[in-house]
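# Geometric and topological summary
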Amino acid sequence: HEVALREWISKLIEMDRLDKFYKSDLFMRIRADVLKEQRNACQLCDRPAVTVHHVRKVREYPELAYQNITGKTPEAVQKTTEAIRNNIKANNEYA
């Protein structure tokens, strides 16, 4: 199953169609779980959030595309949140 997902995402990247990935049922479920876990708040400014970010860019790390931080310890969530913030600040863009 993971191999098929990885291949599908890689093909979408090649075709420049990652929008299909972000509209998939699986991603939408993960997105909802992450937003719920993060209290529907932006991890940068604490305002209401509707977007989730990847710690690593999907185009560069397609094998991590469906990973999320749901169910991790508070320390792991904090570490992931810090990595997201650093990535956004360093690149002045959303991951």
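Worth saying up front: this structure is predicted, and the values here are computed from it rather than measured. (Residues numbered from 1 in each chain as written. Predicted model: local features only at pLDDT ≥ 70, side-chain atom pairs only at ≥ 80, totals over all residues. Heavy atoms only, no water.)

### Some remarks on the overall build of the protein chain
For clarity, the cut-off: A run of H or I in DSSP becomes a helix once it reaches four residues, and a run of E becomes a strand once it reaches two; helices and strands are each numbered from the N terminus. Any residue under 20% of the maximum accessible area for its type is buried, any over 50% is exposed, and the rest in between are partly exposed; the area is computed with a 1.4 Å probe on protein chains only. Note on contacts: a residue pair is in contact if any heavy atoms of the two residues lie within 4.5 Å. Surface exposure here means Shrake-Rupley accessible area, sampled with a 1.4 Å probe, where a residue is shielded only by the protein chains that are shown.
Scanning the protein chain from N- to C-terminus turns up 4 helices and 0 strands. When the helices and strands of the protein chain are listed from N to C terminus, the series reads α-α-α-α. Taking all 95 residues of the protein chain together, the buried fraction comes to 28%. Pairs at least 24 residues apart make up 61% of the contacts formed inside the protein chain by residues separated by at least 6 positions. Roughly 6800 Å² of accessible area belongs to the protein chain as shown, and the carbon and sulfur atoms make up 50% of that amount.

### Observations concerning helix α1 (residues 2–14)
Selection rule: A helix's residues, less one, multiplied by 1.5 Å, set its expected span. By definition, the arc is the one covered by directions from the helix axis to the C-beta atoms.
Taking 1.5 Å of rise per residue, 13 residues should cover 18 Å, and α1 covers 18 Å from first to last C-alpha, within 8% of that figure. Along α1, the positions that sit buried rather than exposed are Leu5, Ile9, Leu12 and Ile13. Angularly, the buried residues of α1 cover 100 degrees about the axis, an arc narrow enough to put them on a single face. Away from its buried face, by an angle of more than 90 degrees, α1 presents the exposed residues Glu7, Lys11 and Glu14. Buried residues in α1 make contact with α2 (18–22) and α3 (25–37).

### Brief notes about the nonpolar core
What counts, and what does not: In this description, a nonpolar core means a group of buried Ala, Val, Leu, Ile, Met, Phe, Trp, Tyr and Cys residues linked to one another through side-chain atoms lying within 4.5 Å.
Within the largest apolar cluster, 15 residues are counted, with the highest numbers of intra-cluster contacts made by Ile9, Leu18, Phe21, Val58 and Tyr66. Among the secondary structure elements, those contributing two or more residues to this core are α1, α2 and α3.

### Here's the deal with the environment of Arg17
Here Arg17 is to be found in the loop between α1 and α2. Note on Arg17: relative accessible area 34%, which makes it partly exposed.

### Focus on unusual backbone geometry
The residue Asp16 is not glycine, and still its phi comes out positive at about 55 degrees. One non-glycine residue with positive phi stands out, namely Asp46, at about 70 degrees. Of note, Asp46 is situated in the loop between α3 and α4 (74–91).

### Overview of the packing of aromatic side chains
The following threshold applies: Here is the rule: rings of Phe, Tyr and Trp (six-membered ring for Trp) pair when centre to centre is within 6.5 Å. Planes less than 30 degrees apart are stacked, more than 60 are edge-to-face, and the remainder are tilted.
Inspection of every chain in the model, using the stated rule, returns 3 aromatic pairs. Their ring planes at 65 degrees and their centres at 4.7 Å tell us that Phe21 and Tyr22 sit as a pair that is edge-to-face. Taking relative accessible area as the criterion, Tyr22 reaches 32% and is therefore assigned partly exposed. On the basis of an interplanar angle of 50 degrees and a centroid distance of 5.0 Å, the ring pair of Phe21 and Phe27 is categorised as tilted. Each of the two residues, Phe21 as well as Phe27, counts as buried. An aromatic cluster is built from Phe21, Tyr22 and Phe27, whose rings are joined through pairwise contacts.

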